[in-house]
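Observations on chain architecture
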Amino acid sequence: MLLRGRWRRLLLLRAPRPGYRRASSGAAAAPPRYEVVVIGGGHAGTEAAGAAARGGARTLLLTHKIGTIGEMSCNPSFGGIGKGHLMREVDALDGLCGRVCDRSGVHYKVLNRCKGPAVWGLRAQIDRGRYKENMQKEILNTPLLTVREASVEDLLLTEPEPDHPGKCKVTGVVLGDGSTVHAGSVILTTGTFLRGMVLIGLEMHPAGRLGDQPAIGLAQTLEKLGFAVGRLKTGTPPRLAKDTIDFSGLKEHRPDNPPVPFSFLSKAVWIKPEDQLSCYLTHTTLKAQQIIQDNLHLNNHIRETTRGPRYCPSLESKVLRFPNREHQVWLEPEGLESNVIYPQGTSMTLPPELQEQVIKSIPGLEKAKILQPGYGVQYDFLDPRQLTAALESRLVQRLFFAGQINGTTGYEEAAAQGVIAGINACLRVHGKPPFIVSRTEGYIGVLIDDLTTLGTSEPYRMFTSRVEFRMSLRPDNADARLTHRGFEEAGCVSQQRYEHVVKMRAALQDGIATLKSVELSISKWSQLLPEVPISSSRRSPVSAFEILQYQEANLEVLAKAVPEPLGKLAQWRELAERLKIEAVYEWCVASQQQEIEEVRRDEALRLPEDLDYFAIDASLSAEVREKLDSNRPQTIGAVSRIPGITPAAIVNLLRFVKTNHQKTRKQKSSPQTGMGKTHLEKATSQKQISAEFAEEEPEYLC
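Along its length, the protein chain carries 23 helices and 25 strands. Counting all 702 residues of the protein chain, 57% fall into the buried class. Of the accessible surface of the protein chain, which amounts to about 30,100 Å², a share of 52% is contributed by carbon and sulfur atoms.

To continue, consider the sheet that holds strand β16 (residues 251-253). Note on sheets: strands pair through backbone hydrogen bonds, and any given pair is parallel or antiparallel. Here we have 6 strands laid out as an open sheet, ordered β16-β17-β18-β19-β15-β20, and antiparallel in their pairing. Bordering the open sheet on either side are β16 and β20 (370-372), each of which pairs with just one other strand. Averaged over all pairs of adjacent strands, the angle between strand axes in this sheet comes to 35°, irrespective of strand direction. Bridge analysis of β16 against strand β17 (residues 279-283) gives 3 bridges, and the strand direction is antiparallel.

Another aspect to go through is empty space enclosed by the protein. As enumerated under the stated definition, the model contains 1 cavity of 30 Å³ or more in all. Of the voids in this model, the largest cavity is the one considered here, and its volume is about 40 Å³. Together, Arg394, Pro608, Glu609, Tyr613, Arg632, Pro633 and Gln634 line the largest cavity. Broken down by class, the residue content of the lining of the largest cavity amounts to 3 nonpolar, 1 polar and 3 charged.

On to the packing of aromatic side chains, then. This structure, assessed with the given rule, holds 5 aromatic pairs. Here Phe487 and Tyr498 contribute two aromatic rings whose centre-to-centre distance is 4.0 Å and whose plane-to-plane angle is 10°, an arrangement assigned as stacked. Separated by 11 residues along the polypeptide, Phe487 in helix α12 (residues 478-490) and Tyr498 in helix α13 (residues 495-517) bring together distant segments of the chain. The burial state of Phe487 is the same as that of Tyr498; both residues are buried. Each residue in the set Phe78, Tyr131 and Tyr411 is aromatic and connected to the rest through ring pairs, giving one cluster. Over the ring of Trp120 we find Arg113, and its NZ or CZ is 4.6 Å from the ring centre. The ring of Trp270 has Arg130 sitting right over it, with the charged end atom 3.7 Å from the ring centre.

With that settled, consider the packing of α13 against helix α18 (residues 573-604). The description of two helices packed together rests on the angle between their axes and the distance between the axes. Contact geometry of α13 with α18 gives a least axis separation of 10 Å together with a crossing angle of 60°. One element, α13, and the other, α18, form an angle in the oblique class. Along this stretch, α13 crosses α18, giving a crossing that reads as right-handed. Here His500, Met504, Ala507, Leu508, Gly511, Ile512, Leu515 and Lys516 of α13 lie close against α18, whose contacting residues are Glu574, Leu575, Arg578, Leu579, Glu582 and Glu586. Here the residues of the contact of α13 with α18 are counted per class, giving 7 nonpolar, 2 polar and 5 charged.

In this section: the pairing of strand β3 (residues 34-39). For β3, the buried fraction is high: 6 of the 6 residues fall into the buried class. Where β3 meets strand β11 (residues 180-188), 5 bridges bridge the pair, whose relative direction is parallel. Of the residues in β11, the one forming a bridge with Ile39 is Leu188. Two strands pair when backbone bridges link them, and β3 and strand β4 (residues 59-63) are joined in this way by 4 bridges, in the parallel orientation. Across the sheet, residue Ile39 finds its bridge partner in β4, namely Leu62. At this point the chain moves from β3, through helix α1 (residues 43-54), to the parallel β4, and the crossover so formed is right-handed.

The next point concerns unusual backbone geometry. For the bond from Asn257 to Pro258, the omega torsion is 10°, close enough to zero to count as cis. Its place among the elements puts Pro258 in the loop between β16 and β17. Following Glu564, the chain continues into Pro565 via a peptide bond in cis, with omega recorded as 15°. Tracing the sequence through the fold places Pro565 in helix α17 (residues 563-571). A positive phi angle, close to 60°, is found at Asn324, a residue other than glycine. With respect to the helices and strands, Asn324 occurs in the loop between α8 (315-321) and β18 (328-333).

What follows deals with the sheet that holds strand β5 (residues 77-79). The strand order β5-β7-β6 describes an open sheet built from 3 strands, whose pairing is antiparallel. Edge positions in the open sheet fall to β5 and β6 (105-111), since each of these has one partner strand only. Pairwise comparison of adjacent strand axes, ignoring direction, gives a mean angle of 15° for this sheet. Where β6 and strand β7 (residues 121-126) come together, 6 bridges link them in antiparallel fashion. Bridge assignment links Tyr108 to a residue of β7, and that residue is Ala124. Contacts between helix α2 (residues 83-92) and the sheet are confined to β5 and β7, with β5 contributing the most and set at about 80° to the helix.

Next up on the list: the pattern of salt bridges. For the structure shown, the criterion picks out 40 salt bridges. Linking Arg99 and Asp94 is a salt bridge whose minimum nitrogen-to-oxygen distance equals 3.4 Å. With a relative accessible area of 1%, Asp94 lands in the buried category. Notably, a salt bridge pairs Glu556 with Lys560, separated by 4.0 Å at the nearest N-O pair.

What follows is about the layout of surface pockets. Picture a little ball the size of a water molecule; that probe, rolled over the atoms, points out where space is still empty. Of the voids in this model, the second largest pocket is the one considered here, and its volume is about 1,300 Å³. Looking at the lining of the second largest pocket, the elements with two or more residues in it are α13, α16 (555-561) and α18. No other element matches α18, which puts 8 residues into the lining of the second largest pocket.

A separate point is the environment of Gly121. Within the element layout of this structure, Gly121 appears in strand β7. With sequence-adjacent residues up to four places away left out, Gly121 is seen in contact with Gly80, Ile81, Lys109, Val110, Leu111 and Asn112.

Moving on: helix α4 (residues 128-140). Between its first and last C-alpha atoms α4 spans 18 Å; for 13 residues at 1.5 Å apiece the expected length is 18 Å, and the two agree. The set of residues buried in α4 consists of Arg128, Tyr131, Asn134, Met135, Gln136, Glu138, Ile139 and Leu140. Its side-chain oxygen at 3.1 Å from the backbone nitrogen of Gly129, Asp127 defines the N-terminal cap of α4.

Right, let's get into the side chain of Arg88. Looking at the element boundaries, Arg88 is found in helix α2. No salt bridge is formed by the buried Arg88, whose closest oppositely charged neighbour, Asp91, lies at an N-O distance of 5.8 Å. From its side chain, Arg88 meets the backbone oxygen of Pro261 in a polar contact 3.0 Å long.

Before going further, it helps to examine the confidence of the model for the protein chain. Interpretation of this model should avoid reading the predicted coordinates in detail wherever pLDDT is low. Averaged over every residue, the pLDDT of the protein chain is 88; residues scoring 70 or more account for 89%. Scored below 50 in pLDDT, residues 1-32 shows 61 contacts in the model against residues more than four places distant or in partner chains. For the stretch residues 672-702, pLDDT sits under 50, and the model shows 48 contacts to residues farther than four places along the chain or on other chains.

Rules used in this analysis
- Residues numbered from 1 in each chain as written.
- Predicted model: local features only at pLDDT ≥ 70, side-chain atom pairs only at ≥ 80, totals over all residues.
- Heavy atoms only, no water.
- Helix = DSSP H or I, 4+ residues; strand = E, 2+ residues; numbered from the N terminus.
- Buried < 20%, exposed > 50% of the residue type's maximum accessible area, 1.4 Å probe, protein only.
- Areas by Shrake-Rupley, 256 points an atom, 1.4 Å probe, with all protein chains shown as cover.
- Pairing = 2+ DSSP bridges.
- Axes fitted to C-alpha atoms, helices over the stretch in contact; angles between N-to-C directions.
- 1 Å grid on protein atoms, 1.4 Å probe; cavity = no way out; pocket = protein on both sides within 12 Å on 5 of 7 lines; lining within 4 Å.
- Points joined across faces, edges and corners; volume = space filled by probe spheres on them.
- Nonpolar A, V, L, I, M, F, W, Y, C, P; charged D, E, K, R; others polar.
- Phe/Tyr/Trp six-rings, centres within 6.5 Å; stacked < 30°, edge-to-face > 60°.
- Lys NZ or Arg CZ within 6 Å of the ring centre and 35° of its normal.
- Parallel < 35°, antiparallel > 145°, perpendicular 65-115°, else oblique.
- Left-handed = near helix turned anticlockwise from the far one by under 90°.
- Contact = heavy atoms within 4.5 Å.
- Right-handed = clockwise from strand over helix to strand, strands pointing away.
- Salt bridge = Lys/Arg side-chain N within 4 Å of Asp/Glu carboxyl O.
- Expected span 1.5 Å × (residues − 1).
- Polar contact = N/O pair within 3.5 Å; in protein donor to acceptor, adjacent residues only side chain to side chain.
- Lys, Arg positive; Asp, Glu negative; His and termini not counted.
- pLDDT = per-residue confidence, 0-100.

Below is the structure:
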């Protein structure tokens, strides 16, 4: 590694990492610019920078401090219900956080085990120090990626490209020292730093995180450009000294044995099952409630009208909304050798001396010592409806946004947006079509579609309940859904991962075929598997694949009953587990497939990006026109998800687009003599309807 001032450049630029496909650079020296510049080294920024570099773009990551790359600003955990799905999908696109967590966790647990595998939530308590160290190793050793410590104060802008919407185009950034960096695409992942303000009690300090300066100049630039800017808030609990806590009377929660890794490439996690740490559960008391209620006048953060996270509220918010209740407090370890405990559920912004009183009123924490008080953060975010599904701004061309700047909360949501923004920033520079994950393909697609179609007025968190096709979009099959596309379309997936997925897909197909080929009568199965309650109402013969659908059956049981040819399937544990899940959900997935195709057909009906909803000759109310203009939906499917848009309005919009499309086709096929320039440009811009639209129109308009 070469150190030059505060720069860290990688000599690996000369030779791409084996297994990654790179864009050819030719013999000429690289121009004095980067193809992609990423602003911010948080969870969105690291994934964005990594994805852009893996895709073959010369990438620069700008961060205030290289030492804070991989910093877990709030809770020391990754994953959970819904969030674990995002982790698996990021990993399927060769993202970083999954495999870094597999090398950094101290407590691995699959949540929701009482329900089906489709909604299981992979989760892990993470060693903060190890995660930061491992993430920095990944980032600082990624080919084509340079990391620099610098603040960004402004954007370099120029005239827009004529074939894309937007008032201008970004061409680089202006740093705090006045120097400039040129770029083909820029990604903003500023987290809570955009005009960030830290609050403790009545005190307020400009900061994006405790001890880190906010981004002021950049916020002002975005506002001047006409972006709709909102304000959100979040908070974090106090940190406690582990050796001052009495765990003896608390409920212990042990990790899984064996632990389940996040990454499809990880055969196991780094830590031995027996060396994992436990979490402990306690509860607040009415005394804590009384302290909070008596001192609300000393808490600026809770009195603010700025919206905070609904699903991870502060302790003050819980006391106000749900009085006279005991609230859960999870005591979570922050590292294998750390003396710090994170009291999940006690986020608060009272003055430090009052926080201490609240903590000491909780069972087990009577003698607990606070190492760092809890605090709140208020920050700017941009209305994500100003973005395309590729996370590119509609106002400024080649400017992408990812993470909390789009109104989300959580490391996993940030990472998911980061990997998509990084992929698309790279593709944009290389003149390739955007990489879009639809609602039918992944939780990432649902996340981005919700944001860009509906927007948000509070920090957005992913849940399984937001997803229509949960049976198909499972954690176990994220690689089958996304890795092939990531390899072929985005170029961000390594050859090693691609070959692993191809091997697994072939093994699954062969395994299912083998299981379906083994057919026996119900009476024979009952003799071989007395522990499996096989329904006598089923038609004979019954295949081994159908038997696998029973809760009591698995590959190990079937292999003992029918060693040949099922014995070999039970030897590969990962394959055996996935075959079981495929069998359980076969009927559900098949029944959902028709609905998925209907949604995909709607998503194929694309609308012109520059459509003027106030000027078009269509039977649409003023209210509908305002909603369409505000949300700027890209497809008819997105139109149908906007609240207040009636079925009649959708049909009328379709009718207009169909008529316009037909006119455009006639104009293209006829001589253009006599046509004015303005009319020609309009005809060209309005023709952006996919070929699928022409095939599917009649069914929607009959």
